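# Structure at a glance
As a plain string of letters, each chain reads:
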Amino acid sequence: MVKRIVIGKKDCLTESCKKSLFVFRGKNGNQRKFCDACIVERRRARQRRRWAIDKEKIVKGRRKAQAAYMKEYRAKNKERLAAYSKSWLANHPGKKTAYMNKWRAENRDRHLVKALKDATRRRARKVNVFVEDVDRDIVFARDKGKCGICNKKIDPAAPFDIDHVIPLSLGGKHSYANVQISHPVCNRRKGNRVGKKANNQEVLQVQRTAELSKGGNATVARPRLSSRT
Ligand SMILES: [Zn+2]
Ligand SMILES: [Zn+2]
């Protein structure tokens, strides 16, 4: 390290402090304006001013950074965290159920939507025709709030079903192409039948499959092909 040569003294610029500071030889030897204590105090004051103006922005930024950090942390420590949560759950019986019940009670709407979605997906997986993650709200918007079975409006505030035009049990797929929104009543009435919006090719396919598996329970209750497909 180069030894700095003191060539003079000056006072800290803070009026109330005026502590003396060394001035060193060289181009940058006279740069310091405040003593260490004043530098710290000025930095704090700057942060306080920024906080007063931009509190929300700062908090938001911190949360974002925190979330990013946690995401990375979880990804890196996946196994360790899984082992920890497993042992915690074993040591705290009933806690998980209690927590989940509480969440469900407090987030009733979100819980219902999630339960409906999960049920549909489970059913679709079971018959091995799961294609994509169908979002109920997207289907509702795409179908312009109209029931695909009776063609009448569905009250946006009322519950609605995601109907499979070709039922999953008949080989229909859980995909945007094969779903439509419907009144729960209409969906129950339609039951295990092929919807009018299925295209002829698909209906023929279902009929062939039904014939092949004679004796099976695949009922095609729409023998005549609709003209409005
Ligand atoms: Zn000072
Ligand atoms: Zn309807």
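Just above, that's the structure.
Source: prediction; values computed, not measured. (Residues numbered from 1 in each chain as written. Chains lettered and ligands numbered in written order. Predicted model: local features only at pLDDT ≥ 70, side-chain atom pairs only at ≥ 80, totals over all residues.)

A word on the overall build of the protein. Assigned secondary structure in the protein consists of 7 helices and 4 strands. Of all 229 residues assigned to the protein, the portion counted as buried reaches 14%. Taking as baseline every contact in the protein between residues at least 6 positions apart, the subset at least 24 positions apart corresponds to 48%. (Helix = DSSP H or I, 4+ residues; strand = E, 2+ residues; numbered from the N terminus. Buried ≥ 20, exposed ≤ 12 C-beta atoms within 10 Å, placed from the backbone. Contact = placed C-beta atoms within 7 Å.)

Glancing now at helix α2 (residues 78-91). With 14 residues, α2 ought to run about 20 Å at 1.5 Å a step, and its terminal C-alpha atoms sit 20 Å apart, in line with that. Counted residue by residue, α2 has 0 buried out of 14 residues, so it is predominantly exposed. (Expected span 1.5 Å × (residues − 1).)

Turning our eyes to something else, we now look at unusual backbone geometry. Leaving glycine aside, a negative phi is the common case for residues, and trans is the common case for peptide bonds. Of note, K18 is a non-glycine position whose phi angle comes to about 55 degrees, a positive value. In this fold, K18 is placed in the loop between β1 (6-11) and β2 (20-24). In this structure K18 comes out as partly exposed when scored by C-beta crowding, with 13 C-beta atoms within 10 Å. Positive phi values are uncommon outside glycine, yet K144 reaches one of about 55 degrees.

Our next topic: the pairing of strand β4 (residues 179-182). The alternating pattern of β4 places V179 and I181 and Q180 and S182 on opposite faces, both of which are buried. Pairing geometry for strand β3 (residues 161-164) and β4, over 4 bridges, is antiparallel. Bridging across to β4, H164 finds its partner in V179. (Pairing = 2+ DSSP bridges.)

The terminal C-alpha atoms of helix α3 (residues 95-106) lie 17 Å apart, and with 12 residues this matches the ideal 16 Å at 1.5 Å per residue to within 8%. Burial within α3 is sparse, with just 0 of its 12 residues counted as buried.

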